[in-house]
Amino acid sequence: MRRHDKKISDFFDQLSSRNKATPFSSEEERTEAKQRLLQSILANATPAAAKVRPLTWVYRIAGSAAAIAVLCWGISYLWPHPQPEKLQLTWISTGLREQKRVMLPDSSVVTLNANSQLSFNNHFNKEDRIVTLHKGEAFFSIQPNTARPFQVLTDSITTTVLGTSFNVMKYAHSPAVKITVKTGKVSVGKAQQTYCQLLPADQVMIDSKSYQFTTRHEEGLAGDEWTSGRIVMREEPLSNILERLEMIYGVEFDKHMLSDDSLRTITFNASMPLQSVLTIVETISHVRFSKQDQQNKIRVYVK
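All values derive from a computational prediction rather than experimental measurement. (Residues numbered from 1 in each chain as written. Predicted model: local features only at pLDDT ≥ 70, side-chain atom pairs only at ≥ 80, totals over all residues. Heavy atoms only, no water.)

This part takes up the side chain of Asp106. Relative to the elements of secondary structure, Asp106 occurs in the loop between strand E2 (100-103) and strand E3 (109-112). You can call Asp106 buried: its relative accessible area is 9%. A polar atom in the side chain of Asp106 sits 2.8 Å from the side chain of Ser108. Here the side chain of Asp106 touches Arg129 through a polar contact of 2.6 Å, side chain to side chain. (Helix = DSSP H or I, 4+ residues; strand = E, 2+ residues; numbered from the N terminus. Buried < 20%, exposed > 50% of the residue type's maximum accessible area, 1.4 Å probe, protein only. Polar contact = N/O pair within 3.5 Å; in protein donor to acceptor, adjacent residues only side chain to side chain.)

Let's shift gears to the packing of helix H4 (residues 238-249) against helix H5 (residues 274-284). Between H4 and H5, the shortest axis-to-axis distance is 12 Å and the interhelical angle comes to 175°. On the basis of the axis angle, H4 is roughly antiparallel to H5. Two secondary-structure elements touch here, H4 through Leu238, Leu245 and Tyr249 and H5 through Leu274, Val277, Leu278 and Val281. By residue class, the composition of the contact of H4 with H5 is 7 nonpolar, no polar and no charged. (Axes fitted to C-alpha atoms, helices over the stretch in contact; angles between N-to-C directions. Parallel < 35°, antiparallel > 145°, perpendicular 65-115°, else oblique. Contact = heavy atoms within 4.5 Å. Nonpolar A, V, L, I, M, F, W, Y, C, P; charged D, E, K, R; others polar.)

Time to look at the pairing of strand E12 (residues 202-207). Bridge count for strand E9 (residues 176-183) against E12 is 5 bridges, and the pairing is antiparallel. Looking across to E12, one finds that Ala176 is bridged to Asp207. Both E12 and strand E13 (residues 213-217) contribute to a ladder of 5 bridges, which runs antiparallel. Looking at the pairing, Val204 lines up with Thr215 of E13. Between E12 and E13, which pair antiparallel and follow one another directly, the connecting turn spans 5 residues, one of which, Tyr211, has a positive phi of 65°. (Pairing = 2+ DSSP bridges.)

Structural data, given as structure tokens:
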């Protein structure tokens, strides 16, 4: 073997020894592949002993190019290719009467209310800033980043911000999503369609199935009262009020007899006993409550 042939062979050996993930099942298979690759390179790179013709230099260049192509193929075949990063989710959850404050990778802060669940993937703050609120309630304080708007997904509703603070409430047993803005500006819609834009003290209640929504503005409206234990529900259906109580107190209401779903406004402290809160609800509505079983299930009926 000539000296340059030996260099090619040595290069192949070094390349294979450095690569931990070679595609050969045995040493014999590797040796055979090396010999085939080397023979192919030499066959294309060595000029024939035939009579020299005027275009011989063209054939030599073509042969060398073919040899280089084969060598590049061999290198790419053996060289380990980077694998795409696997999608991984980070979950944040809270239990009964538990609140949790978490700093996200972009230094934004999210506070979760009781019985809530939120997730984001490992592309967060690298390719995008997207979180999903699967259930419950969360208050967000967002770090500004014009290159990567912050998005909160709730069912089919997308809330998009640059830098602001706002609250999102996703009701578990109804398609209702409630968004309240404390500071900054928020865009609410789906995909590329925007339904409304909210400013401080604005609130929207949107149906994630029909996409019907109502907006309201009330001075002092912030949406984060619950983070200090004060629950405020303004002009909401009674069914939403009862679902909020389910989330906070870990009970279940049997509402199949409920026919009164008029709008109500209620304020109470989350540290109050459930019975005291139910007394307030009975005062502002036409319903009564009775304990049905030992599974924290409460029957609701119209008085």
